[in-house]
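As a plain string of letters, each chain reads:
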Amino acid sequence: MKKVSRWKPFISLAVAVLLPFATTFLPAPPRNDFHSLFLSSAAPPFSNTTVSDHLRRLTARPHVSGSPADALVARYVSDVLSSAALPTRSVRYDVLLTFPSFRSLTLSSPELHRPVALPLTQLHVPGAPSPFSDEVVPTFHAYAPSGSAVGPAVYANYGRREDFSALARLGINVSRSVVLARYGKIYRGDIVKNARHAGAAGVVIYTDTADYGSESDGWFPESRWMPPSGVQVGTVYNGAGDPTTPGWASTLEMAGGCERTEPPEGAVADIPSLPISAADAATILKEIGGAVADEAWHGLSEVPVYRLGPGPAVLNLTYIAKESITTIENVFALIRGSEEPDRYVILGNHRDAWTYGAVDPNSGTATLLEISRRLEKLMKRGWKPRRSIILCNWDAEEYGLIHLTLESWTLFQIGSTEWVEENREVLRSKAIAYLNVDIAVAGPGFHAYATPQLDDILKQVTQQVSFLDPLDQIWLSHYDLTQFPHQPREGLVYGLELVEDPDNSSRTVYDAWIDSEDTPLIGRLSGGGSDYAPFVQHVGVPAVDMFFGGGYPVYHSIYDDYQWMEKFGDPMFRRHVAAASIWGLLALRLADDKILPFNYLSYAIELQSRAKELEAKEIDKSVSFAPLYESIEKLRKSAVEINKQKIYGPSKQDDNGSKSFPGIDDAIEEAKNANSLEPWKHVQHEIWRAARAITQASLVLSGEFT
């Protein structure tokens with residue numbers, strides 16, 4: 001014993017010195033041991049420092065898609081991935097983007113001596129201004145049409161269908177007016193669509209302090225809230241991918257380019273619109289007369305009484321867009337699988353931002369680059385994944401972006417859609433899963449949305465515990481350290497719980513997650529979604545979207561910068577590190593597990609629950625759900641992988657929601673609003689249609705012919 005004791009310090013020193021070179025002489029450890037190495041690589045301060053440095057560099061300049069700054073960020077991403085010894089390449093597409101050429105908004109009122117030209121500008125925060133602030137694109141709505149609108153101002157709350165219905169019940173004529181609505185409940189494109197349906201000539205959308213500010217805490221940079229001059233920029237596009245190539249990729253390889261057409265009907269708005277600040281909106285609201293709005297419609301404290309109009313305030317809106325076929329660039333890195341190289345686990349995040357983009361999207365980009373650093377460390381130790389892993393950094397997501405509120409968001413995209421359209425059949429047959437992180441960190445609290453077969457693995461990943469014993473020369477992974485009482489924690493190089501809660505180191509992310517108010521714990525991916533949408537909706541690939549925090553008040557404004565993140569979003573960058581651990585370990589499990597960790601039973605259970613919800617609605621007695629239940633029961637009895645995502649999708653009645661049976665749900669709503677039996681026949685048709693799809697899924701799962 002004394003002899004062992006005398007040599008133990010030298011053994012420990014030798015292990016510490018030689019461990020980095022161990023893979024030169026020893027066979028590679030089991031894959032699960034590498035998973036523990038991946039987690040231990042998150043040990044501070046290195047990960048915190050590197051991810052912070054990545055974010056600072058990514059957000060140094062505004063980098064809207066198609067700009068020179070966006071190209072520089074693409075180069076930075078490519079260089080970092082290449083430096084991690086990952087084979088890297090870029091794929092470019094020529095797509096239609098729009099930019100503001102001219103904007104003006106003038107307010108006239110009997111109470112004003114002369115028309116007031118609203119500034120339409122965001123004020124930079126006090127202190128050292130960014131040397132690139134002049135590169136910020138003026139506030140605008142992407143894909144808003146050029147045009148002018150002059151008319152009495154009408155206040156329409158959040159611009160929802162029910163808001164315009166309320167105005168109609170009060171006898172307020174919206175026809176030929178310029179509608180003023182606030183962000184916060186529905187997609188801005190739907191606000192414009194609803195206003196157009198009501199007869200409006202133009203729309204102005206603002207950020208209300210009641211939704212994005214604070215009456216007592218002040219605003220950025222003193223607090224996290226949107227300053228009065230802040231403007232939420234965004235798109236009003238209602239399509240998928242490049243508007244000029246609907247359904248096919250805008251590739252550059254074909255001689256003469258690619259086929260282009262006019263945007264699909266309804267994809268692009270047909271009345272002009274502009275986003276404005278709370279300060280500009282207050283100026284307008286003070287001049288609107290007419291009936292007093294309901295208390296629930298009130299917001300800004302500096303406007304004591306909200307009135308509905310129309311008038312006497314008159315708004316004169318002019319917007320001229322510059323349309324441009326612009327080259328966008330997706331960046332990819334590939335780790336080739338050793339046993340199933342033609343099966344792919346795909347991680348994706350977009351890069352382009354309306355301004356600096358510290359939260360959206362470059363918290364996700366910095367996290368992706370942190371994952372590449374850790375994977376490089378694994379490869380140096382001899383790790384090779386069973387299946388191939390692709391890291392994707394998309395461009396032009398924001399031009400298809402759908403919606404964010406302080407409670408939730410749904411998004412769309414262009415760069416990822418073009419790539420999926422170009423590689424549709426390969427992805428449909430070869431992709432294992434798509435793991436999306438758009439916004440990695442906006443604040444505290446972990447949240448996840450997924451297709452059901454990924455529920456179990458998500459929960460497992462967020463509660464696993466890992467450690468390294470320096471004398472074993474291997475990495476051990478298990479779920480409960482109490483199972484190893486002989487192994488003292490102080491004897492470990494790292495005592496790291498898989499993904500400890502970044503806001504409470506005494507528990508895991510899973511512990512905090514199950515204590516949250518998320519109901520259900522794992523949400524379902526909405527149809528519009530982020531860059532996961534083309535994978536789920538176009539090619540039926542299982543997918544997940546995850547993030548820390550929720551909506552954040554400086555969304556899509558110039559205040560979404562590194563300073564905001566450093567002060568309010570993630571001061572110690574622990575949430576970024578935790579996001580990298582969850583995202584990366586999920587990818588490793590899907591890439592390395594011999595049997596894919598999918599659970600399809602939850603799919604059938606959820607479909608049955610949703611079918612019961614639909615059946616409980618007020619429907620005509622002629623409609624039968626029997627074929628749907630029968631097909632779900634067949635699916636429940638099946639046990640292997642199948643492409644089932646086609647039964648999930650967006651409802652036409654709710655672009656922000658995810659519906660298990662969107663066709664049935666939409667048909668029911670349309671039939672309820674009709675005065676004949678014919679629409680109920682369409683409901684029955686949609687039920688049969690869904691039943692046939694589920695029956696086909698059952699056959700594939702069982703592997704048998706009829």
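Provided above is the structure to which this section pertains.
Analysis parameters
- Residues numbered from 1 in each chain as written.
- Predicted model: local features only at pLDDT ≥ 70, side-chain atom pairs only at ≥ 80, totals over all residues.
- Heavy atoms only, no water.
- Buried < 20%, exposed > 50% of the residue type's maximum accessible area, 1.4 Å probe, protein only.
- Helix = DSSP H or I, 4+ residues; strand = E, 2+ residues; numbered from the N terminus.
- Contact = heavy atoms within 4.5 Å.
- Polar contact = N/O pair within 3.5 Å; in protein donor to acceptor, adjacent residues only side chain to side chain.
- 1 Å grid on protein atoms, 1.4 Å probe; cavity = no way out; pocket = protein on both sides within 12 Å on 5 of 7 lines; lining within 4 Å.
- Points joined across faces, edges and corners; volume = space filled by probe spheres on them.

A few points about helix α2 (residues 31-40)
Counting buried positions along α2 yields 9 of 10 residues, so the element is predominantly enclosed. Residues R31, D33, F34, H35, S36, L37, F38, L39 and S40 constitute the buried set of α2.

Describing the environment of I346
Take I346: it is sitting in strand β10 (residues 340-350). What makes I346 buried here is its relative accessible area of 0%. Taking the C-alpha atoms as reference points, I346 and I390, separated by 44 residues in sequence, lie 4.8 Å from one another. Those residues in contact with I346 that lie beyond four places of it in its chain are I390, C392, L427, A431, A433, Y434, L435 and F535.

So, the side chain of R374
For R374, the position within the fold is in helix α9 (residues 362-380). Look at R374 and you get buried, because its relative accessible area is 0%. Within polar-contact distance, the side chain of R374 engages the side chain of E370 at 2.8 Å. Setting aside anything within four residues of it in sequence, one finds R374 in contact with F38, L39, S41, A42, S47, V577, A580 and S581.

Concerning empty space enclosed by the protein
Within the structure shown, the criterion is met by 3 cavities of 30 Å³ or more. Here the largest cavity defines a volume of roughly 50 Å³. Surrounding the largest cavity, V437, A440, F446, M546, F547, F548, A579, I582 and W583 form its lining. Elements with a contribution of two residues or more to the lining of the largest cavity: β22 (543-548) and α16 (574-592). Approximately 40 Å³ is the volume found for the second largest cavity. Forming the boundary of the second largest cavity are T207, D208, T209, Y212, G213, M226, P227, P228, G230 and A278.

What to know about unusual backbone geometry
With an omega of 0°, the peptide bond between G309 and P310 qualifies as cis. Inspection of the secondary structure puts P310 in the loop between α8 (278-285) and β9 (314-335). The amide bond that connects D360 to the next residue, P361, takes the cis arrangement and shows omega of 10°. With respect to the helices and strands, P361 occurs in the loop between β10 and α9. Positive phi values are uncommon outside glycine, yet R176 reaches one of about 65°. Inspection of the secondary structure assignment puts R176 in the loop between α5 (161-169) and β5 (178-182).

Everything listed here is a matter of coordinates, which is why it stays silent on function.
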